[in-house]
Amino acid sequence: MEIFKDYKYIPRKVIETKEEIEAKHLSISDNQVELDFNIRDIEELIERIRPLNQNELKIFSYQLKSRELQSLILYMPENHYNIELWKINEVIKTRFKKKHLILFFNIFQNHYSNWEFNQYFIEYINEVGNSHEILGISSNAVPVLLKWLEEEYIVESIIEDYFKINRGLDSYLGFWGFKPNRKLYLDCWKYFLTVCGDRDYLNTPIEQILRVLETYNLDHLVEFLNNYLLKLDLEDFQNQVLDYIYYTYDTPLNNFHSYLWDKVSEDAKDKYNIWYADKKLVEFFQGDERYEFWFKYIKNLDAKLLGVNDRQLFLDFGEFVVIEFRYINNAGYIYSREYFDLAYNHKVLRNQVLKDGDYKNRNRALDRVIHGPSWQYKTTRLIWELKNRDI
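Every chain is numbered on its own, with residues counted from 1 as its sequence reads. Only residues with pLDDT of at least 70 are given local features in this predicted model, and only at 80 or more are side-chain atom pairs given and counted; all residues enter the totals for whole chains, interfaces and linings. Side-chain measures were taken over the full set of non-hydrogen atoms in the model, leaving aside hydrogen atoms and water.

S.K.: Summarise the side chain of Asn227; cite the residues concerned and give the values.
M.R.: Counting from the N terminus, the helices are DSSP H or I runs at least four residues long and the strands are E runs at least two residues long. Locating Asn227 in the fold gives a position in helix 17 (residues 218-231). In contact with Asn227, not counting residues within four places along its chain, are Leu193, Thr194, Val195, Cys196 and Tyr201. Residues are treated as being in contact if the distance between any of their heavy atoms lies within 4.5 Å.

Here's what the structure looks like:
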């Protein structure tokens, strides 16, 4: 559009005038603009409108009560009965008043994806000279809002513009008059958390991230995990966020949730598995020196946590498996992967908690880890030898 050819993004100083504008704009509450209407009444209105021509629509408009006219505005973006929207707009346009603009604005925020409806909204914004006062936003914000209304992907456009400034997302969305209880506001947050950077996650309150996570469908959750797990360093993972994922969707080892984990990238899953392994190793070893020794292999992706229970912990090195026991007076056992799968893997998968002796077979073990003097050095050498020979 010609009006946007010289469009430039509004600097931060303009946004900081929000408080001044709020003090001046019309005070119109949601209760005054969100009218309840009977769906049967709307259906009857639509059926009366459907056969009318343009001249008849103008005459019909003057037959409506104010409440009926406002109900038609609220109906427009969803258009359940699939009527030509220009007919409804003709009825509204005939008796349009400035106060109707806030109705358009509020219903747009809940049903922003109807491009045709948005074009009518644009016309009314341009028609009302003081539209910014009616909408409760800065006059400098109006051209940006008009630009967004032209977009096919409004949420993406809003967040793309947001990244051009240094400001909290809640404050930013509030500047444009977007209300927290509306779909557009929530969808901006949902999209933002699937594309933002590491500092954005760390600067967002944990409670806000968790609230958004609870609203995600499967596709959103996959996008979030692929972004969050890859953008953040392991040391910056927020345990409350990862705990929510763990207690809701477990780990990639749990086939019951494969519908999610199969869609997550391998690199993202590797980092999640490292976080999970760290959590479990800390709980299992409870501060003894074995934690740091084994975790370095997991962090370097040389090993994966295969399973853990109250008594045993199982580390998968690919060619072989190490079993450590909670109590330090037990040597660790190392088995070939082939023998481990045959003798023990089904017990691990069923999360059975057995006696330590049930996992000890010296005749079939490749070696044992004796936690005596210099055991870390000896075990490091042993692991290297096992990884570099045919088992």
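This is not the end of the story, as more comes after the structure.
S.K.: Summarise the nonpolar core; cite the residues concerned and give the values.
M.R.: Ile92, Phe108, Phe178, Leu193, Phe224 and Trp294 are the most contacted members of the largest nonpolar core, which totals 116 residues. Ranked by the residues each element gives to this core, the list is headed by helix 20 (residues 266-285), at nine residues. If sequence neighbours within four positions are ignored, Phe178 has contacts with Phe105, Phe108, Gln109, Leu145, Trp148, Ile158, Leu173, Leu184 and Tyr185. Here, nonpolar core means buried Ala, Val, Leu, Ile, Met, Phe, Trp, Tyr and Cys residues that are tied together by side-chain atoms lying within 4.5 Å of each other. Under the scheme applied here, a residue whose accessible area is under 20% of the maximum for its type counts as buried, over 50% as exposed, and between as partly exposed, the area being computed with a 1.4 Å probe on protein chains only. Counting residues in each nonpolar core, the second largest holds 15 residues, with Leu306, Val321, Ala343 and Val348 among its members.

S.K.: Describe the confidence of the model for the protein chain, listing the residues and the values that go with them.
M.R.: pLDDT expresses, on a scale from 0 to 100, how confident the predictor is about each individual residue. The share of residues in the protein chain with pLDDT of 70 or more is 90%, and the mean pLDDT across the chain is 89. For the stretch residues 1-35, pLDDT sits under 50, and the model shows 58 contacts to residues farther than four places along the chain or on other chains.

S.K.: I'd like a rundown of the layout of surface pockets, residues and numbers included.
M.R.: A 1.4 Å probe that fits but cannot get out identifies a cavity on a 1 Å grid over protein atoms alone, an open set with protein on both sides within 12 Å along at least five of seven lines counts as a pocket, and a residue lines either if it has an atom within 4 Å of a point. Grid points are joined across faces, edges and corners, and a volume is the space filled by probe spheres set on the points. Estimates place the volume of the largest pocket at around 700 Å³. Considering the residues around the largest pocket, the lining is formed by 34 residues, among which Thr251, Leu253, Leu305, Leu306 and Gly307 are closest to the centre. Where the lining of the largest pocket is concerned, the elements lending two or more residues are helix 20, strand 1 (304-308), strand 2 (312-316) and helix 23 (345-349). The element that contributes the greatest number of residues to the lining of the largest pocket is helix 20, accounting for eight residues. In this classification, Asp, Glu, Lys and Arg are treated as charged, Ala, Val, Leu, Ile, Met, Phe, Trp, Tyr, Cys and Pro as nonpolar, and every other residue, Gly included, as polar. Looking at the lining of the largest pocket residue by residue, the classes come out as 16 nonpolar, nine polar and nine charged.

S.K.: Account for the pairing of strand 3 (residues 320-325), naming residues and giving values.
M.R.: Here strand 3 lies mainly inside the structure; six of its six residues are buried. Both faces of strand 3 are covered, namely the face carrying Phe320, Val322 and Glu324 and the face carrying Val321, Ile323 and Phe325. Between strand 2 and strand 3, which pair antiparallel in sequence order, lie three residues; one of them, Gly318, sits at a positive phi of approximately 85°. Hairpin connection from strand 3 to strand 4 (residues 332-336): six residues lie between these consecutive antiparallel strands. Note on pairing: DSSP must find at least two bridges between two strands before they are called paired.

S.K.: Break down the environment of Tyr120 for me, with residues and values.
M.R.: Along the chain, Tyr120 turns up in helix 9 (residues 115-127). In this structure Tyr120 comes out as buried when scored by relative accessible area, which is 12%. With residues near it in sequence (within four places) discarded, Tyr120 still touches Met76, Leu85, Trp86 and Asn89.

S.K.: Lay out the pattern of salt bridges with the relevant residues and their values.
M.R.: Any Lys or Arg side-chain nitrogen located within 4 Å of an Asp or Glu carboxyl oxygen qualifies as a salt bridge. Considering all chains together, one arrives at 18 salt bridges under this definition. The closest approach of N and O atoms between Arg290 and Asp288, which form a salt bridge, is 3.1 Å. The exposure class of Asp288 is partly exposed, given its relative accessible area of 23%. For Asp341, the salt bridge is made with Arg337, and the minimal N-O distance between the two is 2.9 Å. Separated by four residues within a single helix, Asp341 and Arg337 lie in helix 22 (residues 337-343), roughly one turn from each other. Through salt bridges with shared partners, a single network forms among Lys58, Glu90 and Lys93.

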